[in-house]
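Fold and contact review
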Amino acid sequence: IQPSVAIVILNYNGKNYLEKFLPSVVASTYLNKKIIVADNASTDNSVQFLKEYYPQVEVMVNEKNLGFAGGYNWALQFIAADYYLLLNSDVEVTAGWIEPMVDLLEGNKNFGACQPKLLSYHHKQQFEYAGASGGYIDSLGYPFSRGRIFDELETDNGQYNSEQLVFWASGAALLIRSNVFHKMEGFDASFFAHQEEIDLCWRMQLSGYCVFVCPTSVVYHVGAGTLPRGGRKVFLNFRNNLLMLCKNLPLKEKAWKLPFRFLLDAISAWKGLLGGDIYFFTAIFKAHLSVMLRVVTFQIVPSNKRVPLQSLQGVYANKIVWDHFILGKTKFSEIVEKKHA
């Protein structure tokens, strides 16, 4: 008998995406599935649309928008299934996308989560920013992916088609054991959106679970669909990345890596300001203030089993900022040794 899979789509004012992409999700060939849309207090007609056109899809309505992290934490406490398949509303899936991921996790009990290969919906041959073919992190905590370095996206020529251990799996399409999600106490709701899945995967690794990428499963992601680009997005990205380091790094690494990261972020902010982008500068400044406030008021709850970052899977020992911005490397295969790619 197939394990049960709950496909949970978190929706916030995404009626146009549901209209466009829900048919592909409904057409998924995996039999023991249920599809649930968890609505984050949308003000468009998403809920009415679903009730009218998709009676087979379960709808849960939250009274307020708790963001990606809080929204999923709220919804998943009420959903019973062997696996949760968290899916962005702006993702087009392929018919047999679920089976290979379930088979992978079923065959390896210490595998906690995995992701499919994420390609761009608008440029089908190109990797998509949100996770490409599996997420990595460098020694300073900068996330990148097999197929995406900062804003550089590679063309998919099958170069990253191997199933392999990674540091993090994308929240845009994340298959996770339900018992592991609850054991980890879900996402950190204070993140609201951005990098909460990296934090979750880091905590999973600290608890002995592995994270995998399964490129035989393919989905197409629009990207930047639900939170528009701008100051808020920059703020959340910079703040959450630093919060994640505060929580999960051991003290002796934190002591030098955090000040160094603050310095690098400040350089980035000033570069933005000199280029005329005051919103970028302000967002980073606010992010730093927010993190410092949490540190001094003891609001950051450290993970129980912090180990050296280097001892985990999917960690690049060097500094990707140096490799990319100084040495000009743009491909994952140029940065991470061939044997890992």
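Here is a short report on the structure shown in this document.

Cut-offs applied
- Residues numbered from 1 in each chain as written.
- Predicted model: local features only at pLDDT ≥ 70, side-chain atom pairs only at ≥ 80, totals over all residues.
- Heavy atoms only, no water.
- Phe/Tyr/Trp six-rings, centres within 6.5 Å; stacked < 30°, edge-to-face > 60°.
- Helix = DSSP H or I, 4+ residues; strand = E, 2+ residues; numbered from the N terminus.
- Buried < 20%, exposed > 50% of the residue type's maximum accessible area, 1.4 Å probe, protein only.
- Pairing = 2+ DSSP bridges.
- Salt bridge = Lys/Arg side-chain N within 4 Å of Asp/Glu carboxyl O.
- Patch = residues over 30% accessible without salt bridge, like charges linked within 9 Å, V, L, I, M, F, W, Y side chains within 5 Å.
- Areas by Shrake-Rupley, 256 points an atom, 1.4 Å probe, with all protein chains shown as cover.
- Axes fitted to C-alpha atoms, helices over the stretch in contact; angles between N-to-C directions.
- Parallel < 35°, antiparallel > 145°, perpendicular 65-115°, else oblique.
- Contact = heavy atoms within 4.5 Å.
- Nonpolar A, V, L, I, M, F, W, Y, C, P; charged D, E, K, R; others polar.
- Right-handed = clockwise from strand over helix to strand, strands pointing away.
- Left-handed = near helix turned anticlockwise from the far one by under 90°.

Moving on: the packing of aromatic side chains. Counted by the stated rule, this structure contains 22 aromatic pairs. With 5.3 Å between their ring centres and 40 degrees between their planes, Phe-49 and Tyr-53 make a pair best called tilted. Residue Phe-49 and its partner Tyr-53 are both found in helix α2 (residues 46–53); the two are separated by four residues, about one turn of the helix. Taking relative accessible area as the criterion, Phe-49 reaches 8% and is therefore assigned buried. On the basis of relative accessible area, Tyr-53 is assigned to the exposed category, the value being 52%. Pairing Phe-111 with Phe-212 gives two aromatic rings, centres 4.4 Å apart and planes at 20 degrees, and the pair type is stacked. Of this pair, Phe-111 sits in strand β6 (residues 111–120) while Phe-212 sits in strand β13 (residues 210–221), and the two are 101 residues apart along the sequence. Taken individually, Phe-111 and Phe-212 each receive the classification buried, so the pair is uniform in this respect.

Another aspect to go through is the pairing of strand β4 (residues 83–88). The buried fraction of β4 amounts to six of the six residues, a majority that puts the element mostly inside the structure. Burial of β4 is two-sided: the residues Tyr-83, Leu-85 and Leu-87 facing one way and the residues Tyr-84, Leu-86 and Asn-88 facing the other way are all buried. Judged from the six bridges that link them, strand β1 (residues 5–11) and β4 form a sheet pairing that is parallel. Within the sheet, the bridge partner assigned to Ile-9 lies in β4 and is Leu-87. Bridge count for β4 against strand β12 (residues 173–177) is five bridges, and the pairing is antiparallel. Note on β12: the bridge partner recorded for Tyr-83 is Arg-177.

For the rest of this paragraph, the subject is the pattern of salt bridges. When the charged atoms of two side chains with opposite charge come close together, those side chains can pair. Under the criterion given, the structure shown has eight salt bridges. For the salt bridge of Glu-19 with Lys-15, the shortest nitrogen-to-oxygen distance reads 3.7 Å. Of the two residues, Glu-19 and Lys-15 are both situated in helix α1 (residues 15–26); the distance of four residues between them amounts to about one turn of the helix. When the shortest N-O distance is used, the salt bridge between Glu-253 and Lys-257 registers 2.6 Å. Taken together, the residues span about one helical turn, with Glu-253 and Lys-257 both in helix α8 (residues 251–274) at a distance of four residues. Under the relative-accessibility criterion, Glu-253 is labelled buried at 11%. Overall, Lys-257 belongs to the buried group, its relative accessible area being 6%. When salt bridges with common partners are traced through the structure, they connect Asp-188, Asp-199, Arg-203 and Lys-247 into a single cluster.

In this section: a nonpolar patch on the surface. Taken together, the side chains of Trp-322, Phe-325, Ile-326 and Leu-327 present a nonpolar region at the surface, about 470 Å² in accessible area. Position of Leu-327 relative to the elements: it lies in the loop between α10 (320–326) and α11 (332–335). Taking relative accessible area as the criterion, Leu-327 reaches 47% and is therefore assigned partly exposed.

This part covers the packing of helix α7 (residues 231–248) against α8. With their axes 10 Å apart at the nearest point, α7 and α8 run at an angle of 170 degrees to one another. Taken together, the axis directions place α7 and α8 in an arrangement best described as roughly antiparallel. Where α7 approaches α8, its residues Phe-238, Asn-241, Leu-242, Leu-245 and Cys-246 are matched on the opposing element by Lys-254, Leu-258, Arg-261, Phe-262, Asp-265 and Ser-268. The residue makeup of the contact of α7 with α8, split by class, is six nonpolar, two polar and three charged.

Our next topic: the pairing of strand β2 (residues 33–39). Along a regular strand, successive side chains alternate from one face of the sheet to the other. Across the seven residues of β2, five count as buried, placing the element largely inside the fold. As defined by bridge partners, β1 adjoins β2 across seven bridges and the pair is classed as parallel. If you follow Val-5 over to β2, its bridge partner there is Lys-33. Crossover β1 to β2 through α1 is right-handed. Taking the sense of rotation as the criterion, the β-α-β connection linking β2, α2 and strand β3 (residues 58–61) turns out right-handed.

Counting buried positions over the 10 residues of helix α3 (residues 67–76) gives nine, a clear majority of the element. All buried positions along α3 are accounted for by Gly-67, Phe-68, Ala-69, Gly-70, Gly-71, Tyr-72, Trp-74, Ala-75 and Leu-76.

On to the packing of α7 against helix α9 (residues 278–296). Viewed as axis vectors pointing N to C, α7 and α9 meet at an angle of 35 degrees, and their least axial separation amounts to 8 Å. By crossing handedness, the relation of α7 to α9 is classed as right-handed. Two secondary-structure elements touch here, α7 through Gly-231, Val-234, Phe-235, Phe-238, Arg-239, Leu-242, Leu-243 and Cys-246 and α9 through Phe-280, Ala-283, Ile-284, Lys-286, Ala-287, His-288, Ser-290, Val-291, Arg-294 and Val-295. Its residues placed into classes, the contact of α7 with α9 shows 12 nonpolar, three polar and three charged.

All quantities given are derived from atomic positions and should not be read as evidence of function.
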